[in-house]
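# Report on the structure
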Amino acid sequence: MGMLVGRGGFYCAGVMFLNEALLELRGVIFADSTGRVDAGAFKKTKLTFETKNQLSDIMFYDRTDIVKKGSIEGLKKMADYFCDDILVTGLGVGDRPIGILMACKDNYTKSDSEALLLYGNICSLSIEFSRTVKQLELTTADLASLRKTAMNSENLVRMGRLSATVAHELKNPLVAIGGFAKRMEQTAVNPQTKNYIKIVQSEVHRLERIVGDILIYSRKIEIDLKDFKLRKLVEEIMEMSAGCLSFGMVKLQLDIDEQLTVHADRDKLKQVIINLVSNSIQEMTEGGDMKIDASQGDRHVTISVSDTGGGIPSDKREKIFEPFYTLKKTGTGLGLPLCKKIMTAHGGDIVVGEADRGAVFSLILPKRG
Ligand SMILES: Nc1ncnc2c1ncn2[C@@H]1O[C@H](COP(=O)(O)OP(=O)(O)OP(=O)(O)O)[C@@H](O)[C@H]1O
Ligand SMILES: [Mg+2]
């Protein structure tokens, strides 16, 4: 209850607000020690006068007929709060109750009652006005954020469709270029020509990977779950990446129990780990340490890939999972979104965490059953 220091001759005055749960209630009841019940409906902003001796209990009601003599026992003794007679008026706007305004004075006159009624009306209007302003502010903020989300998701859907179409159109010409390059490689004798063909082949390979990523990203992912040993899979990836690791002078530490079995789509999980490993290698052009470990909980296996590269600032941690977000000259920005999509399709997740140095990505994979 908030106290208003009385102006206009009252000793003290207080406003009791209805909380959200009580907003549905329609009135307030004053009951004296003899059980006399007086219901002051908010609707009428009725003014009720009680002397201290008469007033013993106060309660809110929503149906007058359920309030019987005796049913008010055990309620808070409001008389304890007041040392004088008390004048009460309901606060409300239209049919909606807001609270009650109470004021104390020894001997009331008619003009005191009128003054309190006037305060009550002013109070109701100011409270309602400030609530409306607050509501308006909240609605405006909601609308702004809704519009932003809608624009983002609409743009993403449009962008996704467009890229899938482009990727699809690129697929066949790329196969043809790759095929011609292979034939030329077999017939070329000039070392310079051979070198050019190698460049064409490696670029075709890179484009094929991007096109593949876009197509996978824009389609629904089918997951083929099987049990397999995680360490074996990670070792295969390490063998594939051995050249890049030693070229970049990256030291690798593997901490995965040989017996740890996971229940996942092997090829897709492999693709996820390859993406993380290649991101880490690309981040450590000056050399560094990479660690892959796995731990088991009751319901999940967590696989972490950490590195000592440049790390990810906290304000970029959500952005990196958005499609086409990249800080690399030749990046597509589809690696991590794809990882997210694959992990979500497994009923798991991928999260980026805090690292002392560099970045750490954790894959959360549900256990079988
Ligand atoms: N280990 C890491 N350390 C620091 N930054 C990282 C790391 N992994 C990802 N990032 C940041 O997140 C961005 C998005 O990564 P993501 O793998 O989605 O795309 P990309 O690597 O840029 O391109 P690609 O499609 O070829 O994978 C990167 O451009 C990089 O800025
Ligand atoms: Mg990447």
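To keep things clear, this report deals only with the structure shown in the data block. (Residues numbered from 1 in each chain as written. Chains lettered and ligands numbered in written order. Predicted model: local features only at pLDDT ≥ 70, side-chain atom pairs only at ≥ 80, totals over all residues. Heavy atoms only, no water.)

Turning our attention to the sheet that holds strand β12 (residues 288–296). Strand pairing in a sheet is mediated by backbone hydrogen bonds. Such pairs are either parallel or antiparallel. Taken in spatial order, the 5 strands of this open sheet run β10-β12-β13-β15-β14, and their pairing is mixed. The sheet is open, and its two edges are formed by β10 (250–255) and β14 (349–353), each paired on a single side. For this sheet, the mean angle separating the axes of adjacent strands, direction not counted, is 15 degrees. In this structure, β10 lies alongside β12, joined through 6 bridges in parallel fashion. When the bridges of β12 are listed, Q253 appears paired with K291. (Pairing = 2+ DSSP bridges. Helix = DSSP H or I, 4+ residues; strand = E, 2+ residues; numbered from the N terminus. Axes fitted to C-alpha atoms, helices over the stretch in contact; angles between N-to-C directions.)

On to the packing of helix α4 (residues 266–283) against helix α5 (residues 335–345). At a minimum axis separation of 9 Å, α4 and α5 run at an interaxial angle of 150 degrees. Of the possible angle classes, the one that applies to α4 and α5 is roughly antiparallel. Where α4 crosses over α5, the handedness of that crossing is left-handed. Residues K268, L269, Q271, V272, N275, L276 and N279 of α4 lie in contact with α5, whose contacting residues are G335, L336, L338, C339, I342 and M343. (Parallel < 35°, antiparallel > 145°, perpendicular 65-115°, else oblique. Left-handed = near helix turned anticlockwise from the far one by under 90°. Contact = heavy atoms within 4.5 Å.)

Below, the discussion takes up the packing of helix α2 (residues 191–218) against α5. Packing of α2 against α5 brings their axes to within 10 Å, and their N-to-C directions diverge by 40 degrees. Where α2 crosses over α5, the handedness of that crossing is left-handed. Where α2 approaches α5, its residues D213, I216, Y217 and S218 are matched on the opposing element by P337, L338 and K341. Across the contact of α2 with α5, the residue classes tally to 4 nonpolar, 1 polar and 2 charged. (Nonpolar A, V, L, I, M, F, W, Y, C, P; charged D, E, K, R; others polar.)

Turning next to the environment of T302. Residue placement: T302 occurs in strand β13 (residues 300–307). Judged by relative accessible area, T302 falls into the partly exposed class, the value being 24%. Considering only alpha carbons, one finds T302 and P366, 64 residues apart in sequence, at a separation of 8.7 Å. Other than its neighbours up to four places away in sequence, T302 contacts D293, A294, S295, S362, L363 and I364. (Buried < 20%, exposed > 50% of the residue type's maximum accessible area, 1.4 Å probe, protein only.)

Everything listed here is a matter of coordinates, which is why it stays silent on function.
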